[in-house]
Amino acid sequence: MSSNLHPMLNVAIKAARAAGAIINRAALDVESVRISQKQINDFVTEVDHASEKIIIETLLTAYPGHGILAEESGTEYGAKDSEFVWIIDPLDGTTNFIHGFPVYCVSIALAVRGKVEQAVVYDPSRNDLFTATKGRGAYLNERRIRVSKRTQLKDCLISTGFPFRPGDNFKSYLNMMADVMQRTAGLRRPGAAALDLAYVAAGFTDGFFETGLSIWDVAAGSLLVTEAGGLVGNFTGEADFLEQRECLAGNPRIYGQLVPILGKYSKFAGAGDKAAVRQAALADGGSGADPVDAQEPAAADDADEDHEDSTAGKDRSAKGDDAPF
């Protein structure tokens, strides 16, 4: 850890590396890892729980007065009324992990009075450490990172996540993908949203979009993107997106080109945009049902890999499962 880093970020790095060590040990014999299913296609392992436990212990040992919002335990631990809240995904990409597919990470963010100020995304399989402090830039392994400089969507590599549960609006997502794929150099679905956002920050990809994400999936990655010079928000371009279950990120020029493409699919889209999507669905031989409205009943289930609300959360805010403050 560096003495030049913010002390709270140093503690988060210590926690992320400790969790990464647990994950790497388990990855050596992943077939012996005990797995349970929270709901259809929504898995949690003993590694998720062990990783979360060491993260929370590390953070609360240093800052016992801070609050905790973690994927598996919710707000069970930590102070309940603190202005400082750690937002934790102990293993983002659980489905990848249990298959031995090496795309997963630890995500830790610190929100102060509702705004993310510290971020760590740690990829233990590659030993890649992404960090950011608000106002101080974003880093990969202590080297400054910036979003890509591409300006034309046709040259860009975009990442996303797929809906995967019964009840998810697959047709709407396929339409979104078709709109993006025909305009870009390629579309990728790695399967860990926190790492997807870190890759946008590092310029490895030029943009990212996904629906159904929980706050622990995007809190740390969103600060990485903005501190690397990028933009992040919902599909209509609104920056206050953390609890809205849709995320769009990219370098400024590409973000600006993706908003008009994806905005009409947002649950916050205007009536005109929704009508245009409905008409397109009719033209394609669809039912004409509004894909945005159809998506909303399944919003709590519309997520990628392990990007979802944990049923283990014990003490949720009255604002909803994703609301930490």
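Predicted, not measured: the structure shown is a model, and the values here were computed from it.

Quick word on the confidence of the model for the chain
For step 1, the next point in the chain: Chain-level pLDDT for the chain is 85 on average; 79% of the residues reach the 70-or-more range.
For step 2, the next point in the chain: This model gives residues 287-325 a pLDDT under 50, and the stretch forms 130 contacts once residues within four places in sequence are excluded.

Structural notes on the packing of aromatic side chains
For step 1, the next point in the chain: Applying the stated criterion to the full structure yields five aromatic pairs.
For step 2, the next point in the chain: Between F130 and Y199 the ring centres are 6.2 Å apart and the planes differ by 50°, which places this aromatic pair in the tilted class. Linking F130 in strand β7 (residues 128-133) with Y199 in helix α5 (residues 193-202), this pair joins segments that are 69 residues apart in sequence.
For step 3, the next point in the chain: Overall, F130 belongs to the buried group, its relative accessible area being 0%.
For step 4, the next point in the chain: Here the aromatic rings of Y199 and F204 are separated by 5.0 Å at their centres, their planes lie at 80°, and the arrangement is edge-to-face.
For step 5, the next point in the chain: Classification of F204 by relative accessible area gives partly exposed; the value is 42%.

Some points on helix α2 (residues 46-62)
For step 1, the next point in the chain: Helix length check: α2, at 17 residues, gives a terminal C-alpha distance of 25 Å against a target of 24 Å (1.5 Å per residue), a fit within 8%.
For step 2, the next point in the chain: Those residues of α2 that sit buried are V47, D48, S51, E52, I55, I56, T58 and L59. Buried residues in α2, looked at end-on, bunch into an arc of 165°, giving them a common side. Summarising the geometry of α2, the exposed residues directed more than 90 degrees from the buried face are K53 and T61.

About the criteria used
Residues numbered from 1 in each chain as written. Predicted model: local features only at pLDDT ≥ 70, side-chain atom pairs only at ≥ 80, totals over all residues. Heavy atoms only, no water. pLDDT = per-residue confidence, 0-100. Contact = heavy atoms within 4.5 Å. Phe/Tyr/Trp six-rings, centres within 6.5 Å; stacked < 30°, edge-to-face > 60°. Helix = DSSP H or I, 4+ residues; strand = E, 2+ residues; numbered from the N terminus. Buried < 20%, exposed > 50% of the residue type's maximum accessible area, 1.4 Å probe, protein only. Expected span 1.5 Å × (residues − 1). Arc of directions from axis to C-beta.

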